[in-house]
Structures are given as C-alpha cells and as structure tokens.
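Now for the letters of each chain:
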Amino acid sequence: MCGITGIVTQNRDDIGALLVMCSRKLTYRGYDSVGVAAVKDGVVNLRKDVGTIDDVDRALGLSKMRGDRGIAQLRWATYGAPTKVNAQPHFGCTEDFYGAHNGNIHNFAEYRKELIDTGHIVRSENDGELCVHAVDKYYEQTDDMFEAVRLSTRDLKGAFAFAVGRADERKIYAVKMGSSLVAGVAPDATIVSSDLPSILPLTNRVVYLRDGEMVVLTPEEVKVYRIEDGRELDRRPEVSNVDPHAAEKGGYPHFMLKEINEQPQVARDVMGVLEGAKSDDWLRLIEDASQKYLVACGSSYNAGIVGTYYFNRLAGVPLIPVIGGQFIPMYGNALKDDSLCILVSQSGETKDIINVLNLVRDTGRGKTLGVVNVIGSTLMFGADAYIPMACGYEVSVPATKTYFSQTIIFAYLAARLGERNGTLDPSEAKRFVGLLRDDLPRLAQTTIDRTGILTKNLAQTLMNERDLYCLGYGFTDGVAREGALKIKEICYNHCEGMYSSEFKHGPLSIVTDNYPVIFVTTREDSWMVINHINEVRARHGRTIVVGEYEESLSHYVDRETDYLRVPESDVLINPLLDVIPLQMLSYYLSVDLGINPDLPRNLSKTLTVD
Ligand code: BG6
C-alpha cells in the first residue's frame, strides 16, 4: 500500500512544503521510500530516495522545492525492492511526464516488456513507472492529455490509482481503478490523494471518487469524469467534518479497527499479487523439499497452523509447524540439504525467525521461503525466495490484516500445489481460487458488517471474566489460537487457545458454573465440536460459538450474544472468515476495559531480540 498526493496551486511557489505537509499524513501507508516531483516554469524537479518522509526531506530538501504544482509518493514496496530508482514518482521516457501510483499492476512483467520493445526507456522495476509510460504512449498517439490518461487505463490490469502530469500544463490528472483516491478544493489550490488525511490540512471540501472515474485538477477546480466514455460527472465538493487527527486512522478510533476493516481490500490485493506473480518458483521450492517446516511466531504462527490444514486437505502435503524459538533446539540438527523452512514473518525482522534464516544459511542445509510483509526486511533479502503479503503498513501492535493475508496465501498455495500433484482436481482448484479472489473480499466485508454489534454486545458480558478458553478443531485450530492470542494481547485476560478434543484431557477441570469457553466451528466439524461443547455444558460451563449458523449448534448457546454468526460460505472459506468475529470481540473488550488496543502494555510490534 502506498500513498500518492497531487496538488495544483493558483499562484503559490511553495509546492514542496505543501506536498510534504500533506503527504506526511500518509506515513501509515508506507515509509520505504519517498519522492516529490515539483514543477516550476514548465520544468519538473524530481527528488526521491529510500527512507521515511522526514529522512528524505532532511537529505534532499523536499519541502524546499519550488513550484506551483507537483506530485508526491510514499512507497510501501511490494514488488521491486525499496531503492532510489524504484522510488516514486517516475518520469516517462522524457521529463515531460511525471507521475506516481498506488496499488498493483498485475500485468507488470509483460507490459514492461511491451513498452521496452516499443522503445520506451523504463528505468525501474517498479510497476508505478508503467502508469506514466502508458500515458506517454497514448499522448504520442492522441496529442491530448485527457484522452491519453483515459486510454492508458486500458493497458493496465490490476487494482491501482495513479496521478500524472505534463511539465507544460498547469493540470494534474488522476485515475481511480481499485485503490483509494479522493480529491479536494482549497481556496487557492486543488488536491488529489490516496486518503482523506492528506487532504484535510489543505481543505475540508472533499470530492469523493468511485472506481472507474478520473479527475482533472486545475488551479481553481476539480472535474470528475467517467473513464469508460470520458463523460463529465456532476460531482460537487462535500464538507468533511472528520477530525484531521482521527483521519489518519481513516476515521476509526484505533488503527486496529481500521486494519480489521482493511481486510477485504487485503484479500483483493494479496490475491492480485499471488495470481500476478511467478508462483511456480515458490511451488517448486515446496515440492522439491523432503521436510517442509513452517516456522513463525505469534499471529504468524497461528496463521501457519491454519496453513497446515489447507496443505493437508488440498495438496496432501505435510507441513511441520514450529514456533520460531523452538526450531533450532527441536529440528536444527535434523535439517537436510533438501529441507525447506517456510519462514512466516510480517515484519521480516523477528529475531526468532532470523535465527533460523541464519542457521540454514550458515549450515548450507536446506532452503528458505519467506512469507513477508515488509519489503526490504532482513527476511526478504535473506530468504531464497519470498512471497509478499501486500498488506501495507500494519500500525497496530496486535496483528489482524497480516494474519488474514497469511492465511489466504497458504490457502492459495495449497490449492495450486494440490492441482500440480494431482490431489486436487483442476476444476476444484480453479473453483476454490475463484472463491478466494471473487467471494472472499465480499464475505469478509459482510462478516465485519454483521458481527460488529454482535461482538460489542458479547464483549459487554465478558467484561468481568479474567480467564477463558478458545477452542478450535481441524481448520479452526489456528483460528482459535489466534482469537485467544488477541484476547491475551489486548485485554490482559488469560485466554488459552487449544484443540477442542484435547480439552477433556485435563483443562476441562477448570470449568465451573458459567465458566466461558469459546468454540470456533465450521460446518464440516460441528458434528465433532458438539461433543466437546456438551462436555463443557455438562459441567455448567458457558459455551460461546463462532461460525456459520447451524440449527444443531443453536441449542448450545444460552443467550443471543453467545452465537457469533459468520455468513454462509464454502466450508474451506469458512475458516478464513471465523477469525474476524474474534478480532472484533477482542477489540471491543479491550476498549471496554479502557485499554488502547493499538499499544498494549509490555508488547512491541516487532521483537528483534531473542
Ligand atoms: C509479536 C507481535 O511481537 O511478533 C505479534 O506483537 C506478531 O503481533 C509476532 O504476530 C510475530 O511478528 P512477525 O513480524 O514475525 O509476524
């Protein structure tokens, strides 16, 4: 996830300061690299480098750049390492065109080749640069910037938004094709940006945009057009009353709730990256390995547990899940030349994971495949190959959207592996991948919408519970562990996540009248989970169920609040959705307890210590 900002002023000359002031509000969208293209007297001055906006401003004087218009971009690298040349904005073939994008261009590889083969000078490995070349290409054909921008979108596949300008024209054009984009009208300038926070320092007169629309910024006004036919749309500015500070959280009270709500978009983005990538390299790494370890910590480990069930079911491939710190004492000596360690770490810096990365490298035994969100991290550079999680910057300490991305990656890889090794019929693999791409984002949104009030109400009834269990079975094993971890992390309760069939072998002794036990279910396993529910109810425990509504289960909850229902879905999609009510339950319980879920005590987003 990146952040773009474009501004056209009437007669100001301090465009650098304006762009830095507004772009800084998008820091949560990425801080791998930053750049500003400022236009003065028809000449584009482009400065960019790796680092945060403050680092690069100090080094290159971004806020001192003169001009009356320009574009800035904060990059969160997904494809193409965070380097100066890959930083945005970019020029076209010449310095007449400048622009920047946010999102993913799925046909990046083939389109980049097509542009180069037709004589374009493509300087970087960054997909954003192709947006500028696409406009350059159609400008050559039409000599009309509006048409060039409109037609350029036909070449670009994926979910993205970009802003572009010509050096000799006091306008900026921007298109919205699947990534966020919003515009604004100030007394002496107009602005377009990835998010509202960077509009508000300039104006609260906001022009909201929809996918398939483009805007043209002149010094005085913002005009909105439909990309398909170029027809102008009557879209007037609206006054936004969002508090600028809250806006950095997208209007949410906490980053955690914002990031939970970003999960439908994460599903779209990560599927876009997976289907657009050369995943065969990853699949071959997995296929060629005799032992396949899945090594991770915290939420990443819980996602990995979910992954082991998908790998078994869809591909008949056994993954050995190992907690990061356990790997060396437990399996370090067992590493073979054809072992594979799938190292799952959103930060790519967790020391327990880096220790394993170093062991494999130093012993030369085995290979590593990283599943990583932070591009440019130690894990990304150190692994033999890496799968980008494409979630954008996760601010809140408790992981939500990064866990969600990881489970989708494992489900996708399992289906592709199963198709390749014959465990899964190609039509079934196609159907399931289609559900991940086409249904999951919508179902995730429906789950968020439906379980908001349910989890708020349930949280109220758990306010005084200091101890509870969260149990899963089969595919929901990892989901229940993740739900328990969330409650531990941000409610400071003791909540044990474990396998429901194991509960009777000891832990059941804790159950007394009204002791709360959460059961996370899917349609496939509810026949078994009902036994475990009754073991608790026979001892007068309180049973809370998370999952699709099933009449057979409804007899085992004593109050409306105790059934967190997720929408009906394919039984293999269910486990991906079941985590959402647990994320929201922990969030509302945390807030009710007066805790800031974004910054829970004693914890840190990334532990780079042993
Ligand atoms: C912990 C974080 O420190 O590290 C968790 O608080 C996270 O949220 C865990 O799941 C693992 O982090 P990573 O970056 O290796 O996925």
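What counts and how
Every chain is numbered independently, its residues counted from 1 as its sequence is written. Reporting in this predicted model follows two pLDDT cut-offs: at least 70 for local features of residues, and 80 or more for side-chain atom pairs to be given and counted; totals over whole chains, interfaces and linings ignore these cut-offs and use all residues. The side-chain quantities take in all heavy atoms of the structure and omit both hydrogens and water. The axes used here are C-alpha line fits, helices contributing only the stretch in contact, and every angle between their N-to-C directions lies in the interval 0 to 180 degrees. Each helix is a run of H or I in the DSSP string that is no shorter than four residues. Each strand is a run of E no shorter than two, and both are numbered from the N terminus. Helix crossings get a hand from a simple test, with the near helix turned counterclockwise from the far one by less than a right angle marking a left-handed crossing and a clockwise turn marking a right-handed one. The residue classification treats Ala, Val, Leu, Ile, Met, Phe, Trp, Tyr, Cys and Pro as nonpolar and Asp, Glu, Lys and Arg as charged. All others, Gly included, are polar. Cysteine sulfur atoms are paired as a disulfide whenever they fall within 2.5 Å. With a 1.4 Å probe rolled over the protein chains alone, any residue whose accessible area is under 20% of its type maximum counts as buried; one over 50% counts as exposed, and the rest are partly exposed. Think of it this way: DSSP has to see at least two bridges between two strands before they count as a pair. Throughout, a contact is declared for two residues whenever any of their heavy atoms are within 4.5 Å. The term salt bridge refers to a side-chain nitrogen of Lys or Arg lying within 4 Å of a carboxyl oxygen of Asp or Glu.

Another point: the packing of helix 15 (residues 426–461) against helix 19 (residues 574–592). At a minimum axis distance of 8 Å, the contact between helix 15 and helix 19 shows a crossing angle of 35°. At the point where helix 15 passes helix 19, the crossing takes the right-handed sense. Residues that form the contact of helix 15 with helix 19 fall into these classes: 15 nonpolar, 5 polar and 2 charged.

For the rest of this paragraph, the subject is the state of the cysteines. Taken as a whole and judged by the stated rule, the model has 0 disulfides. C131 takes part in no disulfide bond, and the closest cysteine sulfur to it belongs to C2, at a distance of 11 Å. Judged by relative accessible area, which is 1%, C131 ranks as buried. For the unlinked cysteine C341, the closest cysteine sulfur is that of C297, found at 13 Å. By relative accessible area, which is 1% here, C341 ends up buried.

Another point: the sheet that holds strand 22 (residues 494–499). In spatial order, the strands read 22-21-23-24-25; together these 5 strands make up an open sheet with parallel pairing. The open sheet has two free edges, formed respectively by strand 22 and strand 25 (563–566), since each of these has just one partner strand. Ignoring which end each strand starts from, the neighbouring axes of this sheet average 15° apart. In this structure, strand 24 (residues 542–548) lies alongside strand 25, joined through 4 bridges in parallel fashion. Across the sheet, the residue bridging to E548 is V566, located in strand 25. Of the strands in this sheet, strand 24 and strand 25 touch helix 15, which is tilted by about 170° from strand 25. Contacts from helix 17 (residues 526–537) reach strand 23 (516–520) and strand 24, with the element oriented near 175° to strand 23.

As a further point, take the side chain of N107. Considering the arrangement of structural elements, one finds N107 in the loop between strand 6 (97–105) and helix 3 (108–117). If we skip the residues at most four places from it in the chain, N107 touches D155, L156 and K157.

Turning next to the environment of Y403. With respect to the element layout, Y403 can be found in helix 14 (residues 401–421). Along the chain, Y403 and S345 lie 58 residues apart, while their C-alpha atoms are 9.7 Å from each other. Residues contacting Y403, with those up to four places away along its chain left out, are S299, N302, A303, V306, G478, V479, E482 and V579.

Now for the pattern of salt bridges. Per the counting criterion, the structure on display carries 43 salt bridges. Among the ionic pairs, D188 bridges to R12, the shortest N-O distance being 3.3 Å. Placement of the pair is D188 in the loop between strand 9 (182–186) and strand 10 (189–193) and R12 in the loop between strand 1 (3–9) and helix 1 (15–23), with a sequence separation of 176 residues. With a relative accessible area of 30%, R12 lands in the partly exposed category. The partner of D54 in a salt bridge is R24, with the nearest N and O atoms 2.6 Å apart. Of the two residues, D54 sits in helix 2 (residues 53–60) while R24 sits in the loop between helix 1 and strand 2 (33–40), which places them 30 residues apart along the sequence.

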